[in-house]
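This is what each chain is made of:
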Amino acid sequence: MANRPDRPRDSSPDRPLDPPPDRSLGRRQLLRASLGATALAGLAMAGAAPARAAAGADVRRTQELPPVPGMLGDRRANEVWYQLDEVALYHASPELIAAYKAVGQQVGGNIEGGMRGLWQQMSKSPDYPGNYRDFLAPVKEPLQVISDIQLGVFDSLYRPCDPQLVGAFASFGQGVLYDPRRESVHSPVHTMDSLPTVPPPGYHTWFAYMRAMMLLDIDRRRWTAFAPLMAYAWALQSVAKPSTQTPSSPLPRETVVRFAASWLPRGPRRLDADFQSYPYPRGIG
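Quick notes on the rules
- Residues numbered from 1 in each chain as written.
- Predicted model: local features only at pLDDT ≥ 70, side-chain atom pairs only at ≥ 80, totals over all residues.
- Heavy atoms only, no water.
- Helix = DSSP H or I, 4+ residues; strand = E, 2+ residues; numbered from the N terminus.
- Contact = heavy atoms within 4.5 Å.
- Areas by Shrake-Rupley, 256 points an atom, 1.4 Å probe, with all protein chains shown as cover.
- Buried < 20%, exposed > 50% of the residue type's maximum accessible area, 1.4 Å probe, protein only.
- Patch = residues over 30% accessible without salt bridge, like charges linked within 9 Å, V, L, I, M, F, W, Y side chains within 5 Å.
- Salt bridge = Lys/Arg side-chain N within 4 Å of Asp/Glu carboxyl O.
- pLDDT = per-residue confidence, 0-100.
- Core = buried A, V, L, I, M, F, W, Y, C linked by side-chain atoms within 4.5 Å.
- Phe/Tyr/Trp six-rings, centres within 6.5 Å; stacked < 30°, edge-to-face > 60°.
- Lys NZ or Arg CZ within 6 Å of the ring centre and 35° of its normal.

J.: Please provide a residue-by-residue account of the overall build of the protein chain, values included.
T.: When you go through the protein chain residue by residue, the secondary structure sums to eleven helices and zero strands. When the helices and strands of the protein chain are placed in sequence order, the string is α-α-α-α-α-α-α-α-α-α-α. Pairs at least 24 residues apart make up 78% of the contacts formed inside the protein chain by residues separated by at least 6 positions. Carbon and sulfur atoms make up 55% of the accessible area of the protein chain, which totals about 13,700 Å².

Encoded structure:
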């Protein structure tokens, strides 16, 4: 797990995180963000996005990756999803397994469906987000372990705020990454897993964890930045409907860029509303 520098923390994690939509400043900020998201998506698809490091970042990153015969799609994007599965699923550390167990006990036994169901229930209450934060406060330390491990994987291959992360999430959502190293588990395409004919619930599960981390001030700024990337992948996957067995053809470039302009500027409050729609985003799928 990569060591990451301390980042400044906001003392009020429950404050509104999105600008009010009816203010002219908010509209101007949204327009700038949308234009920036469109540019980032175009650069990422072309493989030309420049990397930007956070000030003071001091993380050991993998610079060169050996070729993998038979691999399709961006090499680094394949690697980040492969390594995330390695450390979070196939070879989880005792520390991570203990963290999963603690969270599972808090949410009713199931670290996926339990967490997802808890967020879906509590987010509909007028007491949200405070009720969700307070309920999960007893497992803040286990959630910190999960956060450290997940962010450690991303930080080992990308700089924080790296525009190339847009391409990594876009490729994941479209199902265009084929990794022969996963053929043995019958899941060589890096995309959100699901049963045949069943839409994947994993995006809602991951969002539930991200929101818990934001509200408990666990790497809040990092997860606030990752949430729209993940939601962007959810929207793309809802259109592409990829298989975990066979790589998909990329969606039309204009679709990928249009979705980037729409989804990447979204903040937590807007995403809270978006993820009320299940299994697909409203108006998609």
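J.: Explain the environment of proline 129 residue by residue, including any values.
T.: Along the polypeptide, proline 129 turns up in the loop between helix H4 (113–122) and helix H5 (130–136). The class of proline 129 is buried, set by a relative accessible area of 9%. Taking C-alpha positions, proline 129 is 9.2 Å from alanine 212, a pair spaced 83 residues apart along the chain. Among all residues touching proline 129, those that are not within four sequence positions of it are Leu215 and Arg269.

J.: Which residues make up a nonpolar patch on the surface, and what values go with them?
T.: On the surface, a nonpolar cluster with roughly 250 Å² of combined accessible area is contributed by Leu89, Tyr90 and Val185. Note on placement: tyrosine 90 falls in helix H2 (residues 75–90).

J.: Let's hear about the confidence of the model for the protein chain: which residues, and what values?
T.: For the protein chain, per-residue confidence averages 85 on the pLDDT scale, and 79% of positions sit at 70 or higher. Taken as a whole, residues 1–35 scores under 50 in pLDDT and shows 54 contacts with residues more than four places along the chain or in a different chain. Of the regions scoring below 50 in pLDDT, residues 46–58 engages in 24 contacts with residues more than four places distant in sequence or in other chains.

J.: Account for the nonpolar core, naming residues and giving values.
T.: Counting 68 residues, the largest nonpolar core has Tyr132 and Leu143 as its most contacted members. The element contributing the most residues to this core is helix H9 (residues 220–240), with eleven residues. Filtering out sequence-adjacent residues up to four positions away, tyrosine 132 remains in contact with Met115, Leu118, Trp119, Met122, Ala208, Tyr209, Arg211, Ala212 and Leu215.

J.: With reference to specific residues and values, describe unusual backbone geometry.
T.: For the bond running from tyrosine 128 to proline 129, omega is 10 degrees, close enough to zero to count as cis. Note that the residue after tyrosine 278, namely proline 279, is joined by a cis bond; omega there is 5 degrees. Relative to the helices and strands, proline 279 is located in the segment after helix H11 (268–274). The phi dihedral of histidine 186 falls on the positive side, at around 60 degrees, and the residue is not glycine. Structurally, histidine 186 is set in the loop between helix H7 (164–174) and helix H8 (202–215). Positive phi, close to 60 degrees, is recorded for aspartate 217, a residue that is not glycine. Mapping aspartate 217 onto the fold places it in the loop between H8 and H9.

J.: I'd like to hear about the pattern of salt bridges, residue by residue, with values.
T.: Summed over all chains, the structure comprises ten salt bridges. In this structure, glutamate 86 and arginine 182 form a salt bridge, with 2.9 Å as the shortest nitrogen-oxygen distance. Highlighted residues: glutamate 86 in helix H2 and arginine 182 in the loop between H7 and H8, separated in sequence by 96 residues. For the pair glutamate 86 and arginine 182, a shared accessibility class is recorded, and that class is buried.

J.: Describe the packing of aromatic side chains, with residues and values.
T.: In total, this model carries 16 aromatic pairs according to the counting rule given. Ring centres of tryptophan 119 and phenylalanine 207 lie 5.3 Å apart, and the angle between their planes is 90 degrees; on these two criteria the pair is classed as edge-to-face. Taken together, the positions of tryptophan 119 in helix H4 and phenylalanine 207 in helix H8 put the pair 88 residues apart, joining distant regions of the chain. When its relative accessible area of 0% is taken as the criterion, phenylalanine 207 is described as buried. Connected via pairs of aromatic rings, a cluster forms that spans Trp81, Phe154, Phe169, Phe172, Tyr203, Trp206, Trp223 and Phe226. The aromatic ring of tyrosine 82 is capped on one face by arginine 181, whose charged end is 3.7 Å from the ring centroid. Against the face of tyrosine 280 rests lysine 241, its NZ or CZ located 4.7 Å from the ring centre.

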